[in-house]
Protein chains: 2
Amino acid sequence: MRINTTYFLFILFILFHSNIAQAQKKANIIVFMVDDMGWQDTSYPFDTVKSAFNSRYHTPNMERLAKEGVAFTNAYSTPVCTPSRVSLITGMNASRHHVTNWTSPMKDQPTGRDDQQFEEPVWNHNGMSPVEGIPHTVFAKALPQLLKDNGYFTIHAGKAHWASAGTPGSNPYSLGFVVNIAGTSTGRPAHYWGEQNFGRNTNDYHGIENLQEYFKQDINLTEALTREALKTLDFPINNKIPFFLNIGHYALHDPLMEDKRFYQKYLDQGLPANEAKYASMIESMDKSLGDIMDYLEKKKIKDQTYILFISDNGGLSHTPPRVGTPHTHNKPLRSGKGSIYEGGIRVPFIMKGVKGDLMSKRDHTPVIIEDLFPTILAMAKITAKEIPQYVDGQNQLGHLKSNKIDKSAMDRPLIFHIPNKWTTNDVDGFNYRSGIRLGKYKLIWNMRDESYEFYDLSQDLGEQNNLIQDEKLLTIISVMKTELHNTLEARNAPIPKRK
Amino acid sequence: MRINTTYFLFILFILFHSNIAQAQKKANIIVFMVDDMGWQDTSYPFDTVKSAFNSRYHTPNMERLAKEGVAFTNAYSTPVCTPSRVSLITGMNASRHHVTNWTSPMKDQPTGRDDQQFEEPVWNHNGMSPVEGIPHTVFAKALPQLLKDNGYFTIHAGKAHWASAGTPGSNPYSLGFVVNIAGTSTGRPAHYWGEQNFGRNTNDYHGIENLQEYFKQDINLTEALTREALKTLDFPINNKIPFFLNIGHYALHDPLMEDKRFYQKYLDQGLPANEAKYASMIESMDKSLGDIMDYLEKKKIKDQTYILFISDNGGLSHTPPRVGTPHTHNKPLRSGKGSIYEGGIRVPFIMKGVKGDLMSKRDHTPVIIEDLFPTILAMAKITAKEIPQYVDGQNQLGHLKSNKIDKSAMDRPLIFHIPNKWTTNDVDGFNYRSGIRLGKYKLIWNMRDESYEFYDLSQDLGEQNNLIQDEKLLTIISVMKTELHNTLEARNAPIPKRK
């Protein structure tokens, strides 16, 4: 056989070209996780109507992200922090991974409050673990590890809180992150201000690590984390390596401390100090999102980069530190962080694709935080093989590309489970509850008195009208009770024992 | 033109092969820096005779490294910590970079002690800076930045101490490191034990960051840092990216705390507690070196990886915390850390090449810590262009490959300069001194009383016989005085003003 020159050059061209394409054929992925951000803590309305909260807060970059992507109007996390974070990087529902409450900074310290009726349930109070056999942890292969194993440059910046200190899960480097900025076993910052060294160099173990450059500087923690996170992207971008950036802001977690760049504006709106502080923290977080989006544009990688924006639970509605009537800060949603009501679990969730083909879409499919695990793997074109955990999450990329409503996705049961005593009183959906959402309906089980509530969210988003006695609904109520209890039993979900 | 199939396949083979080779054509480089390790703190004799110290300490892996590489018998750092570290990553002599004393953990706090005669000299007490215009810093492009810009995956693990908190130089991420484990502005650890959380979560700002996984565990800091450092190598090795690992152990800096794995052995040798602790810290550090060497062998990259082992200054000879006669702990060298005498500046230095062609060689060329900058760039085949600083260091790779003695390298003047009050008393070479070594001679200038000392190191390594009045040596003394003062003047070196 003889080959002519044209054909030879063509082959060379193909080889050369495929090599260039290969340089970065995988998309970049950014998870932008906000702490304790409620469904209404934004100027972008996730509800069908614009609320007073939507007018109060200013989040222009969330609006921009929603314009460029898909806003999920029925997105859920768990009622509190660590369970959501563990679900995200394991793909497991909280009822399966058993990390059902927030984890203590130090290991072997279950965080439930004392209760007259119940013992502390047996749950994974040390968090998740990438190593088998660590007591009171769930053993799983973490999302960043899978991504790293497939060539991704994986970065964690900000709040980690996947496990307690003294266990491998507390160390982002042991979870598959190539870089870790400031991620520890703590769930809140000691201080938001650079002037106060973010509370480091004090005996408060919530002091933030890795940010010494900003000590004694007039800079907010959210800003410092953003700058450090962007710094880490140099290496993968310059070397054409796909990256996964998991930026977990400590904001909006208490202590409520103003971001001075935005505070006065909200005082001028007439907000009381703590509410103005809260609003300034929201806008600060939003600026971080905008800075990241700007950076992607500047580096010309916007079209190759997914962004997933989500909160780990509902907005804080306790007073103090919030101001006004308790548990009204996510209205029309009922209650807030910690609660099984929508205010505790429904969260803002926006996903920006890589090609702009999902622009300005609103999606009403009920989705839950563990869905991010398979969705992100699909974005990275990775099949998770031989992993120890069962993945409850569903890939949400598929149905978005279709214009038809995915009936099976709409009718998937979503399970919520917090068999712990998170706060002192059981008011407004706190402590010892499970919930199941199926289509438009939601069933709540209160372990304290074995009572149930039932709501039609399509008519009653605020969960004010308990339909548990409605005879027309007895069948669906029964179906959902069975589904909830069968699921909890099958997953051996923690249930508190009576004393 | 027509091409036959054989030729075509040959071209394909070449293309494919060159691509593979390209995957990692650059050598890996490891700097293994020990803190406060004296020239005699090892079982490998750098001197021509084996000393009692060489018999006391056990460093089998240093012996192994020396067997595989080159041991430098006339290697120098500066008398204290930060100046050496800044020299290493800038290539500048201390008299030029003006970071002539250790830097405070917090910025704007010069560390010199009060003196009746002298003001605090004007020096760069905030350390080095990768950004221009930061007060009291030396602006330079750091070695890791140059390596990173050229595709190296750059890792810092352990003690950093290049600058004070509140400045960019305190942040390894701003110095060009892709990853930073535990590197901060502090120069010593609050605690060496995992059981005590390495002093983190206390109000001691010397608590170590990024090691929460090991809290409440029976593990030594040196071991924890080694494990974390090796973890970071996964990514570059798996992705065939050359790496630069700068592991800076906090050991042997005080507080002297035993590594329990090795302590008893030294007590059994009859050493007093603090000396047994010190010896256990040396062996602990040596195990770290061994673990890294084993890792390179396991990963089959030993032959592609340079290792440079060095200490940042001489061994601590103060009592307390050392035991026995003060300033005898580096014998036959005089004095220790902080001093202009050999005990303060002469350090163990071993360099392992990439092909074993430098095996078991001993090299007597006087070399100094800033030489590592151009030497490492030569190892990485990088030409440092357009950098703001003047590089004093000399590439030491060249003369090693020749069997001839390099006369110009042997007769290069080496400058030492510490115009600061490091410790309370001026005894035994401390405070306000400069020195110059030229060939076998050493001249010392004492700023306090403008006096000079002169030694012939080839005859008098212990600097006991001051030859300043020796008439036969007047010419060389005069030459060296002139050289020293001209150099200090040309570099505008800090000199303290009289009060």
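What counts, and where the lines are drawn
- Per chain, residues are indexed from 1 in the order of the written sequence.
- Whichever chain is written first is A, and whichever ligand is written first is 1; the rest continue in order.
- Reporting of local features is limited, given that this is a predicted model, to residues whose pLDDT is at least 70; pairs of side-chain atoms are given and counted only at 80 or more, and all residues count toward the totals for whole chains, interfaces and linings.
- Heavy atoms throughout the structure, all of them, feed into the side-chain values; hydrogens and water do not.
- Any two residues whose heavy atoms approach within 4.5 Å are treated as being in contact.
- Computed with a 1.4 Å rolling probe, the buried area is the accessible surface lost when two parts are put together, summed over both parts.
- Any carboxyl oxygen of Asp or Glu that lies within 4 Å of a side-chain nitrogen of Lys or Arg is treated as forming a salt bridge with it.
- By definition, any uninterrupted DSSP run of H or I lasting at least four residues is a helix, any uninterrupted run of E lasting at least two residues is a strand, and each is numbered from the N terminus.
- Criterion used throughout: strands pair if DSSP finds at least two bridges between them.
- The convention used is that axes are lines fitted to C-alpha atoms, helices contributing only their stretch in contact, and that angles between N-to-C directions extend from 0 to 180 degrees.
- Any Phe, Tyr or Trp ring, taking Trp's six-membered ring, that has another such ring centre within 6.5 Å forms a pair; planes under 30 degrees apart are called stacked, those over 60 apart edge-to-face, and the others tilted.
- Here the term buried applies to any residue with accessible area under 20% of the maximum for its type, exposed to any over 50%, and partly exposed to those in between, with areas from a 1.4 Å probe on protein chains only.
- The rule for a charge over a ring is simple: NZ of Lys or CZ of Arg within 6 Å of the ring centre, and within 35 degrees of the ring normal.
- For this overlay, a least-squares fit was computed on C-alpha atoms, restricted to residues scoring pLDDT of at least 70 in both copies.
- pLDDT is defined as a per-residue confidence score from the predictor, taking values between 0 and 100.
- Any N or O atom pair separated by 3.5 Å or less is treated as a polar contact, with the protein-specific requirement of one donor-capable and one acceptor-capable atom, and with residues adjacent in sequence counted only for side-chain atom pairs.

(A) Quick peek at the interface of chain B and chain A. The interface is formed by 51 residues belonging to chain B together with 51 residues belonging to chain A. Between chain B and chain A, a total of about 4,500 Å² is buried, with carbon and sulfur atoms accounting for 53% of that surface. By the criterion of area lost to chain A, the three top residues of chain B are Tyr173, Gln212 and Phe235 of chain B, representing 15% of everything that side buries. Seen at the junction of chain B and chain A, the total is four salt bridges. For the side of chain B that touches chain A, the elements supplying multiple residues, two or more each, are β1 (2-4), α1 (5-23), β8 (179-181) and α7 (221-238) of chain B.

(B) Focus on the sheet that holds strand β9 (residues 243-248) of chain A. Residue and element names in this part refer to chain A. Spatial strand order, β8-β7-β9-β2-β10-β11-β3-β12: eight strands in an open sheet with mixed pairing. At either margin of the open sheet sits one strand with a lone partner, and together these are β8 (179-181) and β12 (361-363). Between one strand axis and the next, the sheet turns by 15° as a mean value, whatever way the strands run. When strand β7 (residues 153-158) meets β9, the two strands line up parallel, connected through six bridges. When the sheet's bridge partners are listed, Gly158 is paired in β9 with Gly248. Contacts between helix α3 (residues 60-68) and the sheet are confined to β3 (70-72), β10 (305-311), β11 (349-352) and β12, with β11 contributing the most and set at about 55° to the helix.

(C) Molecular detail of the packing of aromatic side chains. Residues and elements named next belong to chain A. A complete count under the given rule lists 31 aromatic pairs over all chains for this structure. Ring geometry for Phe32 versus Phe309: centroids 5.4 Å apart, planes at 10°, classification stacked. Placement of the pair is Phe32 in strand β2 (residues 28-34) and Phe309 in strand β10, with a sequence separation of 277 residues. Here Phe32 and Phe309 have matching classes, each one buried. We note Arg346 situated over the ring of Trp39; from NZ or CZ to the ring centre the distance is 4.9 Å.

(D) Examining the relation of the copies chain B and chain A more closely. When chain B is fitted to chain A, the residual RMSD is 0.0 Å, and the transformation amounts to a turn of 180° plus an axial shift of 0.0 Å. Such a turn and shift between the copies fits a two-fold axis. Take the interface residues of chain B: 100% of them recur as interface residues in chain A, which is what a same-surface contact looks like.

(E) Examining the pattern of salt bridges more closely. Using the criterion set out here, one finds 73 salt bridges over all chains in the structure. Of the charged contacts, one joins Glu223 of chain A and Arg261 of chain A as a salt bridge, the two residues approaching to 2.7 Å between their closest N and O atoms. Of the two residues, Glu223 of chain A is situated in helix α7 (residues 221-238) and Arg261 of chain A in the loop between β9 and α8 (263-268); the sequence distance between them amounts to 38 residues. Lys148 of chain B is the salt-bridge partner of Asp234 of chain A, the closest N and O atoms lying 3.7 Å from each other. Remark: Lys148 of chain B occurs in helix α6 (residues 143-149) and Asp234 of chain A occurs in helix α7; the pair is interchain, linking two chains.

(F) Inspection of the confidence of the model for chain A at higher detail. Per-chain confidence: chain A averages 94 in pLDDT, with 95% of residues scoring 70 or above. Predicted confidence is poor over residues 16-22 of chain A, with pLDDT under 50, and the contacts of this stretch with residues over four places away or in other chains come to one contact.

(G) Up close: the side chain of Ser164 of chain B. Residues and elements named next belong to chain B. With respect to the secondary-structure elements, Ser164 resides in the loop between β7 (153-158) and β8. Within the local environment of Ser164, its side chain forms a polar contact with the backbone oxygen of Ser104, the two atoms lying 2.6 Å apart. The residues contacting Ser164, other than those within four sequence positions of it, are Thr103, Ser104, Pro105, Met106, Lys107, His125, Asn126, Ser170 and Ser185.

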